[in-house]
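One-letter residues, chain by chain:
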Amino acid sequence: MRIGVLTSGGDCPGLNAVIRALVRVVERTHGGSVVGFRNAWQGVLEDDWEVLDVARCRGILPRGGTIIGTSRIQPYSRPDGVDLVRRSVQRHSLDGFVVIGGEGSLSCAADLVADGVPCIGVPKTIDNDVVGTELTFGFDTAVSICTAAIDRLHTTAEAHDRVMVVEVMGRHVGHIALRAGIAGGATMVLVPEVPFDIDEVAEALRRRHAGLSFASIVVVAEGAEPLPGTLEVPDHGVDEFGHQRLGGISQVLADAIEDRTGIETRVTILGHVQRGGSPTAFDRVLATRLGAAAAEAAASGSWGVMVGLQADRIVEVPLGEVTKRRKPIDLELYERVARPFFAS
Ligand code: F6P
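Reading the values: rules and limits
- Residues numbered from 1 in each chain as written.
- Predicted model: local features only at pLDDT ≥ 70, side-chain atom pairs only at ≥ 80, totals over all residues.
- Heavy atoms only, no water.
- Helix = DSSP H or I, 4+ residues; strand = E, 2+ residues; numbered from the N terminus.
- Rg over C-alpha atoms; globule rule 2.2 N^0.38 Å.
- Contact = heavy atoms within 4.5 Å.
- Salt bridge = Lys/Arg side-chain N within 4 Å of Asp/Glu carboxyl O.
- Buried < 20%, exposed > 50% of the residue type's maximum accessible area, 1.4 Å probe, protein only.
- Patch = residues over 30% accessible without salt bridge, like charges linked within 9 Å, V, L, I, M, F, W, Y side chains within 5 Å.
- Areas by Shrake-Rupley, 256 points an atom, 1.4 Å probe, with all protein chains shown as cover.
- Near = heavy atom within 4 Å.
- Polar contact = N/O pair within 3.5 Å; in protein donor to acceptor, adjacent residues only side chain to side chain.
- Nonpolar A, V, L, I, M, F, W, Y, C, P; charged D, E, K, R; others polar.
- Domains from an automatic or database assignment.

Now for the overall build of the protein chain. Assigned secondary structure in the protein chain consists of 11 helices and 11 strands. A compact globule built from 344 residues would reach a C-alpha radius of gyration of about 20 Å, and the protein chain, at 22 Å, matches this within 12%. Referenced to the eigenvectors of the C-alpha coordinate spread, the extents of the protein chain come out at roughly 70 × 40 × 30 Å. Within the protein chain, counting contacts between residues at least 6 apart in sequence, those at least 24 apart form 75% of the total.

Here's what the structure looks like:
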């Protein structure tokens, strides 16, 4: 058995733990070998690779980032891309690829499977928006980082009687905002799934700060949106991969809160700090289980699936079922334990 592996899309703590587990099971359990392609599909298209064996993967379990690099380059962005991928399979005598990626990369893997290239997907993203798995590795780490930041913001907010707007990642979904908001005791949590009413937000904060001295923490996902026609958010266009450029919702929100309430309001954008550093113990375990499961799936010829977590079991889900849509937050959880604390 000879497997190609690549890490694709935005990085995420736990990628190296997946690679390590995959390599160990392929090499030690099945006597096979693994080729790591650098910078995602770019390495396949340009034949930039290295052999990954147990020795090369020693010590990488707790390391953030990815030892083989990543990019958002996809084979379908160039006319000869799929042919180059097929040639790579032949040149390296590969049984297929293990693609560690988010929704976009897994969609690409599903298209390649349809075009005859064997792929197995491993879900990865701090956003936790991949369907077919209850959790993605990296999410727990990001939530821990955001919660620690919110804890720190509480004390400085209290000292100044301010509103602190904390912007966290979450382009299409609010999983990080919701979990970190609950864990950090946020005053309110604004998510992309539920458009917010700025007047309701401002009024709730004004009431909370009236009379007594209070600090408020507003956690906002970067993709959160105001109700149509209520607040202008600057449009930053799309990047070269067609993703909307985000950033700015927290400042727009803070300005609107200050204008409407007169309460001093500050902004903290946590940005890529959320994706950096060492994965939590939970993410290391999940990533290791998924890497090992991907190796077993390849050994049994289960191409065209994604390995995922369901009810604490690692399962195989057809790749076609998990792509082209995203897993939203649990609205019941939001309504039960985030909404009731809305500025109370
Ligand atoms: O998809 C994961 C993610 O972390 C999003 O939450 C965020 O919008 C995006 O990646 C940012 O990616 P980058 O700045 O690396 O292009």
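This brings us to the pattern of salt bridges. Considering all chains together, one arrives at 18 salt bridges under this definition. The residue Asp 47 makes a salt bridge to Arg 91 at a minimum N-O spacing of 3.4 Å. Residue Asp 47 is located in the loop between helix 2 (41-45) and strand 3 (49-52), and its partner Arg 91 is located in helix 3 (residues 81-91); the two are separated by 44 residues in the primary sequence. For Arg 207, the salt bridge is made with Glu 203, and the minimal N-O distance between the two is 3.7 Å. Taken together, the residues span about one helical turn, with Arg 207 and Glu 203 both in helix 7 (residues 198-209) at a distance of 4 residues. According to the relative accessible area criterion, Arg 207 is exposed, its value standing at 54%. Relative accessible area serves as the criterion here: at 32%, Glu 203 is assigned to the partly exposed category. Through salt bridges that share partners, Arg 38, Asp 48, Glu 50 and Arg 56 make up one connected network.

Okay, helix 6 (residues 175-183) next. Every buried residue belonging to helix 6 is among His 175, Ile 176, Ala 177, Leu 178, Ala 180 and Gly 181, and all of these are buried. Packing partners of the buried residues in helix 6 comprise helix 5 (139-160), strand 6 (163-168), strand 7 (188-190), strand 8 (216-221) and helix 11 (331-337). Where helix 6 terminates, the next one or two residues include Gly 185, which has phi positive at roughly 65 degrees.

Turning next to a nonpolar patch on the surface. Taken together, the side chains of Ile 182, Val 337 and Phe 341 present a nonpolar region at the surface, about 230 Å² in accessible area. Tracing the sequence through the fold places Ile 182 in helix 6. Exposure remark for Ile 182: the relative accessible area of 34% places this residue in the partly exposed category.

Once that is clear, we can look at the site of the ligand. The immediate surroundings of the ligand are formed by Arg 72, Thr 125, Ile 126, Asp 127, Met 169, Gly 170, Arg 171, Glu 222, His 272 and Arg 275. At 2.7 Å from an oxygen atom of the ligand is found a side-chain nitrogen or oxygen belonging to Arg 72. Here Glu 222 contributes a side-chain N or O atom positioned 2.6 Å from an oxygen atom of the ligand. For the ligand, whose unbound accessible area comes to 400 Å², protein coverage reaches 76%. Of the residues in the shell around the ligand, the class split is 2 nonpolar, 3 polar and 5 charged. Each of domain 1 (2-138 + 279-322) and domain 2 (142-276) contributes no fewer than three residues to the shell around the ligand.

With the exception of glycine, the majority of residues adopt a negative phi angle, and the majority of peptide bonds are in the trans configuration. Phi angles above zero are rare outside glycine, and Asn 39 is one such case at about 55 degrees. With respect to the element layout, Asn 39 can be found in the loop between strand 2 (33-37) and helix 2. The exposure class of Asn 39 is partly exposed, given its relative accessible area of 27%. Not every positive phi belongs to a glycine, and Asp 47 is a case in point at roughly 50 degrees. For Asp 47, a relative accessible area of 28% corresponds to the partly exposed category.

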